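Spelled out from the first residue to the last, the chains are:
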2 protein chains.
Amino acid sequence: MEIESASDKKPGLLVRGWSWLKALPEKSKAKVIEVAKNVRKVGQDDPRRIVHALKVGLALSVVSLIYYYKPFYDGFGISGMWAVLTVVVVFEFSVGATLSKGLNRGFATFLAGALGVGAHYLSNLCGDKGEPIVLGLSVFLLAAASTFSRFIPGVKQRYDYGVVIFILTFSLVAVSGYRVDEIIELAHQRLSTIVIGGLTCVIISICIMPVWAGEDLHNLVAQNLEKLACFLEGFGGEYFKDLEDGEIVVVSKSGKPLAEYFRNPEDGEAAVVSKSDKSSLQKYKSILTSKTTEDSLANFARWEPGHGRFRFRHPWKQYLKLAALIRQCAYLLEALNGYINSDIQIPPEFQRKIQDECITMSLESGKALKELSESIKTMTGPSLADPHVENCKNAAMDLKTTLKTALLENSDLLGVIPAATVASLLIDIVVCTEKIAESVHELAKLAHFKTVEPTVTPEKSQLLHRGTVNPLAETDSPEVVITVSGSMEALPEGANPQAPVNGKHIDV
Amino acid sequence: MEIESASDKKPGLLVRGWSWLKALPEKSKAKVIEVAKNVRKVGQDDPRRIVHALKVGLALSVVSLIYYYKPFYDGFGISGMWAVLTVVVVFEFSVGATLSKGLNRGFATFLAGALGVGAHYLSNLCGDKGEPIVLGLSVFLLAAASTFSRFIPGVKQRYDYGVVIFILTFSLVAVSGYRVDEIIELAHQRLSTIVIGGLTCVIISICIMPVWAGEDLHNLVAQNLEKLACFLEGFGGEYFKDLEDGEIVVVSKSGKPLAEYFRNPEDGEAAVVSKSDKSSLQKYKSILTSKTTEDSLANFARWEPGHGRFRFRHPWKQYLKLAALIRQCAYLLEALNGYINSDIQIPPEFQRKIQDECITMSLESGKALKELSESIKTMTGPSLADPHVENCKNAAMDLKTTLKTALLENSDLLGVIPAATVASLLIDIVVCTEKIAESVHELAKLAHFKTVEPTVTPEKSQLLHRGTVNPLAETDSPEVVITVSGSMEALPEGANPQAPVNGKHIDV
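Every value quoted in this text rests on a predicted model; they were computed, and no experiment measured them. (Residues numbered from 1 in each chain as written. Chains lettered and ligands numbered in written order. Predicted model: local features only at pLDDT ≥ 70, side-chain atom pairs only at ≥ 80, totals over all residues. Heavy atoms only, no water.)

(A) The overall build of chain A, seen in detail. The helix and strand tally for chain A stands at 19 helices and zero strands. Per-residue burial for chain A yields a buried fraction of 53% across its 508 residues. Partitioning the contacts of chain A with sequence separation of at least 6, the portion at a separation of at least 24 is 83%. Just so you have it, chain A exposes about 23200 Å², and 63% of that area is on carbon and sulfur atoms. (Helix = DSSP H or I, 4+ residues; strand = E, 2+ residues; numbered from the N terminus. Buried < 20%, exposed > 50% of the residue type's maximum accessible area, 1.4 Å probe, protein only. Contact = heavy atoms within 4.5 Å. Areas by Shrake-Rupley, 256 points an atom, 1.4 Å probe, with all protein chains shown as cover.)

(B) Structural context of the UniProt feature "transmembrane region" (unreviewed entry) in chain A. Residues and elements named next belong to chain A. Sequence positions flagged by UniProt for "transmembrane region" (unreviewed entry) are, in local numbering, residues 50-69, 75-95, 102-121, 133-152, 159-179 and 191-213. Across residues 102-121, helical content stands at 100% and strand content at 0%; the span's end C-alpha atoms are separated by 29 Å. Helix makes up 78% of residues 191-213 and strand 0%, with an end-to-end C-alpha separation of 27 Å. (UniProt positions renumbered as here; feature names shortened; annotations may be inferred.)

(C) Inspection of the interface of chain A and chain B at higher detail. Contacts between the two partners involve 69 residues from chain A, matched on the other side by 69 residues from chain B. Of the roughly 6500 Å² buried between chain A and chain B, counting both surfaces, carbon and sulfur atoms make up 78%. Put simply, chain A and chain B have zero salt bridges between them. The element best represented in the side of chain A that touches chain B is helix 3 (residues 48-68) of chain A, accounting for 13 residues. Broken down by class, the residue content of the side of chain A that touches chain B amounts to 45 nonpolar, 15 polar and nine charged. (Buried area = accessible area lost by both parts, 1.4 Å probe. Salt bridge = Lys/Arg side-chain N within 4 Å of Asp/Glu carboxyl O. Nonpolar A, V, L, I, M, F, W, Y, C, P; charged D, E, K, R; others polar.)

(D) Focus on the packing of aromatic side chains. As enumerated under the stated definition, the model contains 19 aromatic pairs over all chains in all. Both rings, one in A:F166 and one in A:F170, keep their centres 6.5 Å apart while their planes meet at 15 degrees; by these two values the pair is stacked. Within this pair, A:F166 and its partner A:F170 are both found in helix 8 (residues 153-176), separated by four residues, close to a single helical turn. Judged by relative accessible area, which is 11%, A:F166 ranks as buried. Judged by relative accessible area, A:F170 falls into the buried class, the value being 3%. Chaining the aromatic ring pairs together yields one cluster made of A:F231, A:F235, A:Y239 and A:Y284. We note A:R158 situated over the ring of A:W303; from NZ or CZ to the ring centre the distance is 5.1 Å. If you follow B:K101 out to its NZ or CZ, it ends over the ring of B:Y161, 4.7 Å from the centre. (Phe/Tyr/Trp six-rings, centres within 6.5 Å; stacked < 30°, edge-to-face > 60°. Lys NZ or Arg CZ within 6 Å of the ring centre and 35° of its normal.)

(E) Fine view of the environment of B:L65. Examined against the element boundaries, B:L65 turns out to sit in helix 3 (residues 48-68). Linking B:L65 and B:V84, residues 19 residues apart in sequence, is a C-alpha distance of 9.9 Å.

(F) Representation of the packing of helix 6 (residues 95-125) of chain A against helix 8 of chain A within the structure. Residues and elements named next belong to chain A. The interhelical angle for the contact between helix 6 and helix 8, taken along N-to-C directions, is 30 degrees, at an axis separation of 7 Å. The pairing of helix 6 with helix 8 is recorded here as roughly parallel in orientation. As helix 6 runs across helix 8, the sense of the crossing is right-handed. Here the residues of the contact of helix 6 with helix 8 sort into 13 nonpolar, seven polar and three charged. (Axes fitted to C-alpha atoms, helices over the stretch in contact; angles between N-to-C directions. Parallel < 35°, antiparallel > 145°, perpendicular 65-115°, else oblique. Left-handed = near helix turned anticlockwise from the far one by under 90°.)

(G) How the structure looks around the nonpolar core. Among the nonpolar cores identified, the biggest contains 146 residues, and A:I436 and B:I436 are the most heavily contacted of them. Once residues within four sequence positions are removed from consideration, A:I436 is found in contact with A:L225, A:L228, A:L322, A:L325, A:I326, A:C329, A:L369 and A:L372. Core analysis: the next-biggest nonpolar cluster, separate from the first, contains 68 residues, B:V56, B:A119, B:I167 and B:I204 among them. (Core = buried A, V, L, I, M, F, W, Y, C linked by side-chain atoms within 4.5 Å.)

(H) Main features of the domain arrangement of chain A. All names here are of chain A. When its domains are assigned, chain A resolves into domain 1 (2-34), domain 2 (48-207) and domain 3 (213-467 + 475-505). Contacts between domain 2 and domain 3 engage twelve residues on the former and eight residues on the latter. Buried surface at the junction of domain 2 and domain 3, both sides included, amounts to about 950 Å², of which 57% is carbon and sulfur. Of all residues in domain 2, the largest losses of buried area upon contact with domain 3 belong to G96, Q157 and R158, amounting jointly to 44% of the total for that side. Linking domain 2 with domain 3 are one salt bridge, by the criterion used here. Notably, a salt bridge pairs R48 with D216, separated by 3.0 Å at the nearest N-O pair. Our enumeration of links across domain 2 and domain 3 arrives at three residue pairs in polar contact (both at pLDDT 80 or more). Counting only elements with at least two residues in the side of domain 2 that touches domain 3, the list comes to helix 6 and helix 8. (Domains from an automatic or database assignment. Polar contact = N/O pair within 3.5 Å; in protein donor to acceptor, adjacent residues only side chain to side chain.)

(I) Structural context of the side chain of B:S375. All names here are of chain B. Of note, S375 is situated in helix 15 (residues 348-378). A polar side-chain atom of S375 sits 2.8 Å from the main-chain carbonyl oxygen of T380. In this structure S375 touches T380, G381, P382, V440 and F449, once residues within four positions along its chain are discounted.

(J) Just unusual backbone geometry, in detail. Residue and element names in this part refer to chain A. In the Ramachandran plot, M209 falls in the positive-phi region, its phi being about 40 degrees despite a non-glycine side chain. By secondary structure assignment, the location of M209 is in the loop between helix 9 (183-207) and helix 10 (213-239). Judged by its relative accessible area of 55%, M209 is exposed.

(K) Broad picture of the relation of the copies chain A and chain B. Expressed as a screw transformation, the operator carrying chain A onto chain B has a rotation angle of 180 degrees and an axial translation of 0.0 Å, and the superposed copies differ by an RMSD of 0.1 Å. This pairing of chains is accounted for by a two-fold axis. Measuring from the rotation axis to each C-alpha of chain A, the shortest distance belongs to A:T421, at 2.4 Å. (Least-squares fit on C-alpha atoms with pLDDT ≥ 70 in both.)

(L) Up close: helix 14 (residues 316-337) of chain A. Compared with the 32 Å implied by 1.5 Å per residue over 22 residues, the 31 Å span of helix 14 of chain A between its first and last C-alpha is a close match. Of all 22 residues in helix 14 of chain A, 16 are buried, a share of seventy percent or more. (Expected span 1.5 Å × (residues − 1).)

(M) Up close: the pattern of salt bridges. Per the counting criterion, the structure on display carries 24 salt bridges over all chains. With its nearest N and O atoms 3.0 Å apart, the salt bridge here joins B:D45 to B:K41. Taken together, the positions of B:D45 and B:K41, both in helix 2 (residues 12-45) and four residues apart, correspond to about one turn of that helix. Via salt bridges that share partners, A:D46, A:R48 and A:D216 belong to a single interconnected network.

(N) Region of the structure containing the packing of helix 5 (residues 81-90) of chain A against helix 8 (residues 153-176) of chain B. Put simply, helix 5 of chain A and helix 8 of chain B touch, their axes get as near as 10 Å, and they point 155 degrees apart. Between helix 5 of chain A and helix 8 of chain B, the angle is such that the two are roughly antiparallel. Pair helix 5 of chain A / helix 8 of chain B crosses with right-handed handedness. Residues A:M81, A:V84, A:L85, A:V88 and A:V89 of helix 5 of chain A lie in contact with helix 8 of chain B, whose contacting residues are B:V164, B:I167, B:L168, B:S171 and B:L172. Here the residues of the contact of helix 5 of chain A with helix 8 of chain B sort into nine nonpolar, one polar and no charged.

(O) Spotlight on the environment of B:G136. Residue and element names in this part refer to chain B. Following the sequence through the fold, G136 ends up in helix 7 (residues 127-149). Residue classification places G136 among the partly exposed positions, given a relative accessible area of 24%. Note: C-alpha distance between G136 and A174 (38 residues apart in sequence) is 8.9 Å.

(P) Examining a nonpolar patch on the surface more closely. There is a patch of nonpolar side chains on the surface, built from A:L58, A:V62, A:L65, A:I208 and A:M209 and spanning about 390 Å² of accessible area. With respect to the helices and strands, the residue A:I208 is situated in the loop between helix 9 and helix 10. (Patch = residues over 30% accessible without salt bridge, like charges linked within 9 Å, V, L, I, M, F, W, Y side chains within 5 Å.)

(Q) Highlighting the state of the cysteines. All told, the structure shown has zero disulfides over all chains when counted by the stated rule. Distance from the sulfur of A:C358, which forms no disulfide, to the nearest cysteine sulfur (A:C392) is 13 Å. Cysteine B:C207 remains unbridged, with the sulfur of B:C201 as its closest cysteine sulfur at 13 Å. Judged by relative accessible area, which is 60%, B:C207 ranks as exposed. (Disulfide = S-S within 2.5 Å.)

Here is the structure:
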């Protein structure tokens, strides 16, 4: 490479220019292909975007009728333009955003129009010389005050667009009023055309494949819970994989290979992500920066009427509280993630001792989160998650005991620290999972989720717990058929890992 | 309380309504006061907001002249309105945002106007019946395609507003062209008035107390570094405070009280935050969610011309890379923060053993970050931070040794885990600090920061390091005057903690 670049410099500008030109068609072809791929991906990621684009096109074409048909044109004249303008700026992706902008625009226009007419009459009283001064001053003061109000968080969040339109309309009415006498006629025309434009947007937005911000928020929160669950279910396998890969023969307490811990009790297939499936482990990263999206979705959702499974006053704020807890948990995962694939060598005996509890904690909190996600998705009570929460809390307590003995037996105490840190972070995650579960319970109450009878009674769950923490050590029975293969995707979406198999439930 | 609410229910609606009414004036007064306080805070937080509001008022008043003076009105007629419209929607807080919107609006209007005229001519060729169909179809297709393009990240980031204006202008020109014959005249008028409005905004925005997005980004990154530093400098005192508060007499290795470790070498006053000053410890939380702000500032900064200390093509992207590392560090602080004030009791002997290194690591990485922040603020080379980075790296290595002995000597191994986790997190933070330092070095190179001769030579820094890790144990000399009082604020902004005092540098 170095020789090439050295010879490149010698031939001078001309040759370089020529080679650049020669490469141009190829480069631009590559560029075009890249852009096309990019565009295709944007559409594939969310096909509703394509529908939205077509809806905007339709709304604009409809409103163009106002210009086209003579009766409309005679009625509104050049003001018909405001209908077109309204459609372009008001039509947003979600119904909530469209409604928010439309209502903001409508009310702001009305209010500013009325105020503008008032300012106009007031300035008329001040005589020919005073008129421009009064008008200029009123524009200056109102524009400055309104612009400043846009910095107030509450106003910015909900009425930002309304304030812009307020300034706009007031200035136009007040100043153009200075020339045009039929100012009330004009204001009336503008308001009617804006209402026509806005209504067109809202009707098309709601009637043709609507995109509800509330539903999006609901799904986003459920998805984020699932992303956490994905990481936690895969973490055990990923963190302790060196033991399996390495030359050390890994045997669990019961004498069975470690791999057996990764069993899905229902269908005998693997319940955790395969080792190579790392991308699903990294999904949680998007949660770290999703606050802005959640906030704006919640904000739009408040404008939306009842739709589908959501009533008008659905507790959207509770979703934000839940989302904050989820993000808190994601920060912990971020700390945990640093320990996967770290080069630090941990004494295998120690790792082997704590891995049962660590894997249980991670897997059970993952399952609890998955159940909570499922509960939100189906809008049924989250009671199915409770046994898992109990299990991981118990595993956390067991871990403390195990750690004590393991630390006493171990000689390389320094090497043990990273593994102990992982254990400690897992304990924090268990606490966080509990908080999330509480928050989902509260959401279920507020949003009147359907209640379901838990299939597992508390007593039984307690029994299951015993089977969970030291499962193979105590229940090393021959019925357990173990195959470890496949990945997370092999687990059917609706599968309930809580259901006992063949009367025997092994919940690791 | 319960008795009261019970008696509340009995008297029925009337009494409740009356008490509600009676409380109304007080309530609304409280509300008004609250809003006023809120508004005042918005202004106090950033007084440039008030200036911005006045600037917008001024720009609008200036543009109103277009309507007021007859010559202007005769020239532009009703199109003068577009100048007002442009000012309202284009004038943004920062110069970059205003320029971005103005240029987007100008170019989009020009392009869409030209295309609109083209579509108009094309439709004319299709006869009376074909004309509306061709126009409607072209509006539909262009609007749908443009709306879809707004979902492409690159377009959304830089040209979103331009696309909106493109759709708007194209629709207006194509459809209104169907009625008005003097379409080119109209397009010309609209473009001129938009240019007048846009230029007014840009000139006022740049000439009267300009707000530069680039400078804001620069300062934000420097501030965020300082927030990290604040936490790290205060963390040691906060985490190990129980030892000082409790009944245990805390004595460092050298026999001096622990408090002496918190000394600012320069002026003999305390260099770390006081225990009660917790709010400054929590400042870093804002970094966790600052990504959106940084991204938009970097985006606007690219539109800005050279200003002050920044050239036109200042490496704004490097700031984003640096900001990502800073956020990574903030996630670690978030994990660390959970251990402050946690109820877990840690064996004091163990805590005492590791605290020297932990405090050194935390303090030195804090100092390094503060130096890096200072380097960015003053735009000088970040070499002053290097010794601190070295110091904390060395302290991290020493900590490993100390941990080994401390763990061997300790009996309550389980209780030790949280403290060991804190130590481990601090080691991660040291690694992160090193990465941040590298990134600042790269930024300094790219942005041509002034180079400064490091006042401390590497050999000397090595010496300092020795004095750092076990400082009082080896250098327990009488010159060291120690007072622990005051808080972070007592440290002068520009103070350079690296400068030796009285020929003796104690760098803890």
